[in-house]
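Structural overview
What follows is each chain in one-letter form.
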Amino acid sequence: MPKVAYFIPPESPMATISRDFIPAGWDVTMMDASVATEQEQIDLVSDADAMIVFGAKPKESVLRAAKNVRLYQLGSAGYDGVDMQLTGELGMPVATASGTNAEGVAEQFIALTLALYRHLTWVDVSVREGGWIPERARGMETFEILGKTVGIIGAGYIGSTVMRLLSGFNCNILYHDVLAKPELEETYGAKPVSLDELLSESDIITVHVPLLESTHHFISTRELALMKESAILINTSRGPTVDQAALVETLKARKIWGAGIDVFETEPAEADNPLFELDNIVVSGHVAGPTRESFPRRAEFAFANIKRVLEGDEAINIVTAT
């Protein structure tokens, strides 16, 4: 009987939905790592065949106790919260759930773009307060996505889903990725370009890269300076991929038109974050990925990937230290 240690708050929506996907005969124990003691976590993993981790960061002592774990399966696409050096040392494969949240993140990109272009947060406040239409939303500073050049940094599961959604807006699509994606070029007319060309030519720029050492502050002062004054930047990936201090200064100086930010360098974002003082930014709180529809996809994928490994096959979405 396979034993799986599932680090997740047992009463969370993801946990509730996950129970419907547990294979018959499997012993799956859910544990809230923020409440359980370190020893309880060690006891849980000591004879586990696999781990699923969603919204938790098991300590080194817990990972070292997981001597029989054949797969560390994440319920998320990002793996910046995993000590990849340690899991590599332990010979513990790590797999993400990349692709299961792509639709939600791609739609959040659209939402943030429209919120900026149509001044939705400011109009909402104005109407509620009896002010009707604020001056900024009277038309000359209100824009359409139609016909814009959109630059997509990272053309993986999420970036390619963004391309699909944009196909209905009749956009010009540029992309920058470490790998050429000829299938996306053929399907969506996407053009591969250098990062600098993407930044200088795009009206809308969206970031979809994992947080790695090579992508930390991937967008900083130099990169922001290449952007058009009329351009907007959307970040739904990880906060540190964009240099927040540089972004604040760029937005303050109106060197770009605006930004839509779902992720922050420090999370939860503190109330005195200087981004919140700006009137050319729309924010949300790392909510792009979790959706009602994504939870079943995440759970089904996690158990199927573990089953694949236990049956002697290679896991999907394996990641390594970079």
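Residues numbered from 1 in each chain as written. Predicted model: local features only at pLDDT ≥ 70, side-chain atom pairs only at ≥ 80, totals over all residues. Heavy atoms only, no water.

Examining the nonpolar core
- In terms of nonpolar packing, the biggest core is built from 29 residues, with Phe109, Ile152, Met163, Leu166 and Ile204 touching the most fellow members.
- Every element with two or more residues in this core is listed here: helix H5 (102–117), strand E6 (149–153), helix H7 (157–166), strand E7 (172–176) and strand E10 (232–235).
- The element best represented in this core is H5, accounting for 9 residues.
- If sequence neighbours within four positions are ignored, Leu166 has contacts with Phe109, Ile110, Ile145, Val150, Ile152, Cys171 and Ile173. (Core = buried A, V, L, I, M, F, W, Y, C linked by side-chain atoms within 4.5 Å. Buried < 20%, exposed > 50% of the residue type's maximum accessible area, 1.4 Å probe, protein only. Helix = DSSP H or I, 4+ residues; strand = E, 2+ residues; numbered from the N terminus. Contact = heavy atoms within 4.5 Å.)

Notes on unusual backbone geometry
- A cis geometry characterises the amide bond from Glu267 onward to Pro268, with omega recorded as -5 degrees.
- Of note, Pro268 is situated in the loop between strand E11 (258–261) and strand E12 (281–283).
- Here His217, not a glycine, exhibits a phi torsion of approximately 55 degrees, which is positive.
- Relative to the elements of secondary structure, His217 occurs in the loop between strand E9 (204–207) and helix H10 (221–226).
- The partly exposed category is assigned to His217, whose relative accessible area is 27%.

Things to note about the sheet that holds E7
- Strand order in the open sheet formed by 7 strands is E8-E7-E6-E9-E10-E11-E12, with parallel pairing between adjacent strands. Pairing within the sheet leaves two strands with one partner each, and these edge strands are strand E8 (191–192) and E12.
- With 3 bridges connecting them, E11 and E12 associate as parallel partners. Counted as the bridge partner of Gly260 is Val282 from E12.
- The strands that H5 touches are E6, E9, E10, E11 and E12; relative to E10, the one it contacts most, it runs at about 145 degrees.
- Its contacts with the sheet put helix H11 (residues 244–252) on E10, E11 and E12, and the angle it makes with E11 is roughly 145 degrees. (Pairing = 2+ DSSP bridges. Axes fitted to C-alpha atoms, helices over the stretch in contact; angles between N-to-C directions.)

Note that all results are geometric; they support no functional claim without further evidence.
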